[in-house]
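Letter by letter, the chains look like this.
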Amino acid sequence: MTHKPQVKIPATYMRGGTSKGVFFSLTDLPEAAQVPGEARDKILLRTIGSPDPYGQQIDGMGGATSSTSKTVILAKSEQPDHDVDYLFGQVSINKPFVDWSGNCGNLTAAVGAFAIAKGLVSADRIPENGICTVRIWQKNISKTIIAHVPITDGEVQETGDFELDGVTFPAAEVVIEFMDPADGEGSMFPTGNLVDDLEVPGVGTFKATMINAGIPTIFVNAADIGYKGTELQKDLNSDADALARFEIMRAYGAVKMGLIKDVAEAADRQHTPKIAFVAPATAYESSSGKQITEGDVDLCVRALSMGKLHHAMMGTASVAIATAAAIPGTLVNEAAGGGDRDAVTFGHPSGTLRVGAAAEEVNGEWTAKKAVMSRSARIIMEGNVHIPGGTF
């Protein structure tokens, strides 16, 4: 036998919000993968089953969607007054790369639970019963996130009656606070404007709000691009031409936001920015058959992730929605009816979600203090992932 045996690496498969991912403790990874680089990326790609030209990730843990092609690496925090360092890797399905350019807000809901279970949170910070406040340092974007994790008899309480549209079964509620969610290196609105004209050669010119809060996001009006804002995955994801138009719009928006210098670079930066379209509150039937009435929501939002319409809403994009909705004059705020607001309920393909944000204007610049939302999380499986020898 000339082929090397498989390597076992301790791992936990978790759902966080409307996403799933493979979680690792940094110290459990092979030594070569405990630092950023080729070895780490190769291990994560093989774990998930990428690159897969069939687009199915059959030979790995991935589920062939952006929501299920995710990895997380956690370690005791090196930052003062934080418990855990959280690094997120979005694994491409059909290309050999891992995108480290942004956070996953949904999987954030599972970070606190994993950190507690793996001893990354000091025992004196965990109550016997009540809420454990886990202080998370998000390494991709250098931001603080606070997760409020329920504890029963000294252990994480995963079961409960909290329902989250996009997740079939109820679970315990985890409240997440994204502190100072805007990019600290520049303006929350990189162009300096609440609304810009986004010129996309061969496609058109569109009004756009481009914001960096939670994750860089480009918002356009649904009506301006021929949509209602009530579309489901089946309405877009089988339309290759439509997806290609969204991708080229995303690429030109990324250039205008200063995230890349040339549109060609967008192919290697699939995770950020996101592109989404908004519309005033409208009744529709969600993907589960649930009837959403006009009175249930303030606006409708649809967002694309990794080139496809998301089945619900990315957590980080929810932060962007909440923050933009809090600022009068943005397309998101106008779609919600305008005016001052500190919370918004939006409709997405799987149902509705309420998110809150605090934003203020200081010396002509808008800043975001925090965004808040509720999610849930649970362990699905724990043990080892097996990586064929010679992978890294």
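Our subject is the structure that appears above.
In short, a report on the structure. Being a predicted model, the structure only gives us computed values, none of them experimental.

## A word on the overall build of the protein
In step 1: Helix and strand content of the protein: six helices and 21 strands.
In step 2: The C-alpha radius of gyration of the protein comes to 20 Å, within 12% of the 21 Å expected for a compact globule of 392 residues.
In step 3: Seen along its three principal axes, the alpha-carbon backbone of the protein occupies a region of about 60 × 50 × 45 Å.
In step 4: Of all 392 residues assigned to the protein, the portion counted as buried reaches 53%.
In step 5: Taking as baseline every contact in the protein between residues at least 6 positions apart, the subset at least 24 positions apart corresponds to 63%.
In step 6: Taken as a whole, the protein presents about 16,500 Å² of accessible surface, with 49% of it coming from carbon and sulfur.

## Focus on unusual backbone geometry
In step 1: For the bond from Ser 50 to Pro 51, the omega torsion is -5°, close enough to zero to count as cis.
In step 2: With respect to the element layout, Pro 51 can be found in the loop between helix H1 (38-48) and strand S3 (70-76).
In step 3: Although it is not a glycine, Asp 180 sits at a positive phi angle of roughly 45°.
In step 4: With respect to the element layout, Asp 180 can be found in the loop between strand S9 (174-179) and strand S10 (196-200).

## Overview of the environment of Asp 153
In step 1: Structurally, Asp 153 can be placed in the loop between strand S7 (143-152) and strand S8 (155-156).
In step 2: Accessibility expressed as a relative area gives 55% for Asp 153, which makes it exposed.
In step 3: Along the sequence, Asp 153 and Asn 363 sit 210 residues apart, while their C-alpha atoms lie 49 Å from each other.
In step 4: Ignoring sequence-local partners within four residues, the contact set of Asp 153 consists of Glu 128 and Asn 129.

## Some words on the packing of aromatic side chains
Aromatic ring pairs are defined here through the distance separating the ring centres and the angle between the ring planes.
In step 1: Per the counting criterion, the structure on display carries four aromatic pairs.
In step 2: For the ring pair Phe 23 and Phe 114, a centre distance of 5.6 Å and an interplane angle of 35° mean the geometry is tilted. With Phe 23 in strand S2 (residues 19-25) and Phe 114 in helix H2 (residues 105-117), this residue pair connects regions lying 91 residues apart in the sequence.
In step 3: By relative accessible area, Phe 23 is classed as buried at 0%.
In step 4: Measuring from centroid to centroid gives 5.6 Å for Phe 246 and Phe 277, while their planes differ by 20°, and the two rings are stacked. One end of the pair, Phe 246, is in helix H4 (residues 240-256); the other, Phe 277, is in strand S13 (residues 274-280), with 31 residues separating them in the sequence.
In step 5: Taken together, the aromatic side chains of Tyr 227, Phe 246 and Phe 277 make up a single cluster linked through ring pairs.

## Observations regarding the pairing of S3
In step 1: Among the seven residues that make up S3, six are buried, leaving the element largely enclosed by the rest of the structure.
In step 2: Sheet topology note: the S2/S3 ladder contains four bridges and is parallel. Bridging from a neighbouring strand, Val 22 pairs with Thr 71 of S3.
In step 3: Taken together, S2, H1 and S3 form a β-α-β motif whose crossover is right-handed.
In step 4: Taken together, the seven bridges between S3 and strand S4 (residues 84-91) define a ladder with antiparallel strand orientation. Paired with Val 72 across the two strands is Phe 88, which belongs to S4.

## Quick look at the pattern of salt bridges
In step 1: Counted under the stated rule, the structure contains 13 salt bridges.
In step 2: We note a salt bridge from Glu 38 to Lys 42, for which the minimum N-O separation is 3.0 Å. Of this pair, Glu 38 and Lys 42 both sit in helix H1, four residues apart, which is roughly one turn of that helix.
In step 3: Here Lys 290 ties to Asp 165 by a salt bridge, and the two come within 3.2 Å at their closest N and O atoms. Placement of the pair is Lys 290 in the loop between strand S14 (284-285) and strand S15 (291-292) and Asp 165 in the loop between S8 and S9, with a sequence separation of 125 residues.

## Notes on the environment of Gly 160
In step 1: Within the element layout of this structure, Gly 160 appears in the loop between S8 and S9.
In step 2: Along the primary structure Gly 160 and Ser 376 are separated by 216 residues, whereas in three dimensions their C-alpha atoms are 9.2 Å apart.
In step 3: The residues contacting Gly 160, other than those within four sequence positions of it, are Pro 170, Ala 171 and Ala 172.

## Details of H1
In step 1: Of the positions making up H1, those classed as buried are Ala 39, Arg 40, Ile 43, Leu 44, Leu 45, Thr 47 and Ile 48.
In step 2: Lining the buried residues of H1 we find strand S1 (7-16), S2, S3, S4, strand S5 (98-99) and strand S21 (377-387).

How each quantity is defined
Residues numbered from 1 in each chain as written. Predicted model: local features only at pLDDT ≥ 70, side-chain atom pairs only at ≥ 80, totals over all residues. Heavy atoms only, no water. Helix = DSSP H or I, 4+ residues; strand = E, 2+ residues; numbered from the N terminus. Rg over C-alpha atoms; globule rule 2.2 N^0.38 Å. Buried < 20%, exposed > 50% of the residue type's maximum accessible area, 1.4 Å probe, protein only. Contact = heavy atoms within 4.5 Å. Areas by Shrake-Rupley, 256 points an atom, 1.4 Å probe, with all protein chains shown as cover. Phe/Tyr/Trp six-rings, centres within 6.5 Å; stacked < 30°, edge-to-face > 60°. Pairing = 2+ DSSP bridges. Right-handed = clockwise from strand over helix to strand, strands pointing away. Salt bridge = Lys/Arg side-chain N within 4 Å of Asp/Glu carboxyl O.

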